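Summary of structural features
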Amino acid sequence: MWQRLGVLDWIRVGLLVLGLVFVATGLLPWDDAVTSLREIGPLLIFLVAVIVLAELTKEAQVFDAIAARMAVLGRGNYAALFFLCVIFASFVTIFLNLDTTAVLLTPVMLALAPRARIAALPLAMTTIWLANTASLLLPVSNLTNLLGMRKIGLDAQEFAARMWAPQLAAIAVTMVFLWVFYWRRGERRDLRYTPPVLEPVADRALFSAASAACVLFIALLLVETHVAIAATAAAVVVAAAFALRSRERLTWSLIPWQLVIFVTGLFLVVPTLSLHGLSTVMTWMIGTEGDPYRTAAVGAGLSNVINNLPAYKAVETVIPATDQDLLLALLVGTNVGPVITPWASLATLLWFESCRRHDVRVPMRRFLLTGAGLAVVGVPATVWALVTFG
């Protein structure tokens, strides 16, 4: 088992071990550790359930069918396909989490590329940029949103009411950058693409059960069911269908243990560092004026240096719970901003691995420069929408 662990897996394990060492040595008091882990319990349940739901939905060919029909609906027109891809990636990110878009939608889109003779890079960039920038609308869209929900003090509908305008602004800016740098004729070179031939799904019963499970998940969210309960109920429905129709595909590999240990370690290490000087540094960085633009910029900058989850947790600790606008601005920075470096978000790391497996070359200089442009324009534009309409 240990020989199969990659570099990222060792980093996650190391983070958890470091957190346990902090607790064992007293650098993190036991009561603080228990409080921190109690806070993330429901988040971990949600994370496991939604990944299982998404994995089995992909196995049931739901994503493949949607992507293929989307390409057919575009009728060879790249502009039409572009808008359909944006809608699809945004919808999956908003309702099924950004990691679902990065991990499961990316291979689906890349598999579609050769079938329709479409350049793979525009499809790949659409999934990863929107995985990050379309993750503002709902608490379930991004783990950073879930981390901040208790302190922000909003339920799902109230959160969406505050974030609809910032979400639209973030997607709009992303669309402009995607079209200019990856989708326009000068970049893709082809005038039209060839719509693929639709293929029947392998198991209609599994396809129907997975589709129903996704609808159930979204419906439960709309009636304000707790995200952990909603995701678990939907995952149980689709898992039961697989148990009846294809039991061999229900394996332990469905459990995202890497994410679980990463988040657990994060919630032990960051509180420790905050107790020993990190909070002072964070207070100095965001200032005392309560400037949402500065706070978002700090969140975006730290995300591209150390990853958006620890960046959010580190800055959040020094923002009062009463300053809701500043907390939401921080979410803008840590959700929209992590589009520059490959390690800025976990979704981006997983996306790069998926591109490597599909032999899709991502020009690093181009990725860094276009991502920097998107962050520099997208973050302040999104904060402006938050301040003006939120």
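Residues numbered from 1 in each chain as written. Predicted model: local features only at pLDDT ≥ 70, side-chain atom pairs only at ≥ 80, totals over all residues. Heavy atoms only, no water.

Bringing the pattern of salt bridges into the picture now. The full count for this structure, using the stated rule, is five salt bridges. The salt bridge involving Glu 289 is made with Arg 294; its shortest N-O contact spans 3.7 Å. According to the relative accessible area criterion, Glu 289 is exposed, its value standing at 57%. For Arg 294, a relative accessible area of 32% translates into the label partly exposed. (Salt bridge = Lys/Arg side-chain N within 4 Å of Asp/Glu carboxyl O. Buried < 20%, exposed > 50% of the residue type's maximum accessible area, 1.4 Å probe, protein only.)

Here we take up the UniProt feature "transmembrane region" (unreviewed entry) in the chain. The sites that carry the UniProt feature "transmembrane region" (unreviewed entry) are, in the present numbering, residues 7-28, 40-57, 78-98, 118-138, 159-182, 209-242, 254-275 and 364-387. A distance of 25 Å separates the end C-alpha atoms of residues 40-57, which is 100% helix and 0% strand. Across residues 209-242, the secondary structure splits into 88% helix and 0% strand, with the terminal C-alpha atoms separated by 9 Å. (UniProt positions renumbered as here; feature names shortened; annotations may be inferred. Helix = DSSP H or I, 4+ residues; strand = E, 2+ residues; numbered from the N terminus.)

Here we take up the packing of helix H3 (residues 62-74) against helix H4 (residues 78-96). Running from amino to carboxyl end, H3 crosses H4 at an angle of 155 degrees, the nearest separation of the two axes being 8 Å. Viewed along their axes, H3 and H4 adopt a mutual orientation that is roughly antiparallel. With respect to the hand of their crossing, H3 and H4 are arranged in right-handed fashion. For the pair H3 and H4, the contacting residues are Phe 63, Ile 66, Ala 67, Met 70, Ala 71, Leu 73 and Gly 74 in the first and Ala 80, Leu 81, Leu 84, Cys 85, Phe 88 and Leu 96 in the second. Across the contact of H3 with H4, the residue classes break down as twelve nonpolar, one polar and no charged. (Axes fitted to C-alpha atoms, helices over the stretch in contact; angles between N-to-C directions. Parallel < 35°, antiparallel > 145°, perpendicular 65-115°, else oblique. Left-handed = near helix turned anticlockwise from the far one by under 90°. Contact = heavy atoms within 4.5 Å. Nonpolar A, V, L, I, M, F, W, Y, C, P; charged D, E, K, R; others polar.)

Here Lys 313 lies in helix H14 (residues 308-316). Discounting residues that sit within four places of it in the chain, Lys 313 has contacts with Glu 39, Phe 267 and Val 270.

This part covers a nonpolar patch on the surface. A contiguous nonpolar patch, built from Trp 164, Leu 168, Tyr 293, Trp 384, Val 387 and Phe 389 and spanning about 660 Å² of accessible area, is present on the exposed surface. Elements that contribute at least two residues to the nonpolar patch include exactly helix H8 (156-183) and helix H17 (364-389). Its relative accessible area of 48% is what places Phe 389 among the partly exposed residues. (Patch = residues over 30% accessible without salt bridge, like charges linked within 9 Å, V, L, I, M, F, W, Y side chains within 5 Å. Areas by Shrake-Rupley, 256 points an atom, 1.4 Å probe, with all protein chains shown as cover.)

A few words on helix H10 (residues 204-222). Taking 1.5 Å per residue as the helical rise, H10 with its 19 residues ought to reach 27 Å, and the 27 Å between its terminal C-alpha atoms agrees with that figure. The set of residues buried in H10 consists of Leu 206, Phe 207, Ala 209, Ala 210, Ala 213, Cys 214, Phe 217, Ile 218, Leu 220 and Leu 221. Buried residues in H10 make contact with helix H2 (30-59), H3, H4 and helix H11 (227-245). Put simply, Asp 203 is the residue that caps the front of H10, since its side-chain oxygen is 3.0 Å from the backbone nitrogen of Ala 205. Once H10 ends, the next one or two residues include Glu 224, with phi positive near 65 degrees. (Expected span 1.5 Å × (residues − 1). Polar contact = N/O pair within 3.5 Å; in protein donor to acceptor, adjacent residues only side chain to side chain.)

Here we come to unusual backbone geometry. For Asn 97, which is not glycine, the phi torsion reads 90 degrees and is therefore positive. Assignment of secondary structure puts Asn 97 in the loop between H4 and helix H5 (98-116). Look at Asn 307: it is not a glycine, yet its phi comes out positive at around 100 degrees. Residue classification places Asn 307 among the buried positions, given a relative accessible area of 7%.

What follows deals with the packing of aromatic side chains. Under the definition given, this model contains 14 aromatic pairs. Their ring planes at 70 degrees and their centres at 6.5 Å tell us that Phe 63 and Phe 88 sit as a pair that is edge-to-face. Taken together, the positions of Phe 63 in helix H3 and Phe 88 in helix H4 put the pair 25 residues apart, joining distant regions of the chain. By way of ring pairs, the aromatic residues Tyr 78, Phe 82, Phe 83, Trp 179, Trp 183 and Tyr 193 are connected into one cluster. Just above the ring of Phe 207 sits the side chain of Arg 204; from NZ or CZ to the centre is 5.3 Å. (Phe/Tyr/Trp six-rings, centres within 6.5 Å; stacked < 30°, edge-to-face > 60°. Lys NZ or Arg CZ within 6 Å of the ring centre and 35° of its normal.)

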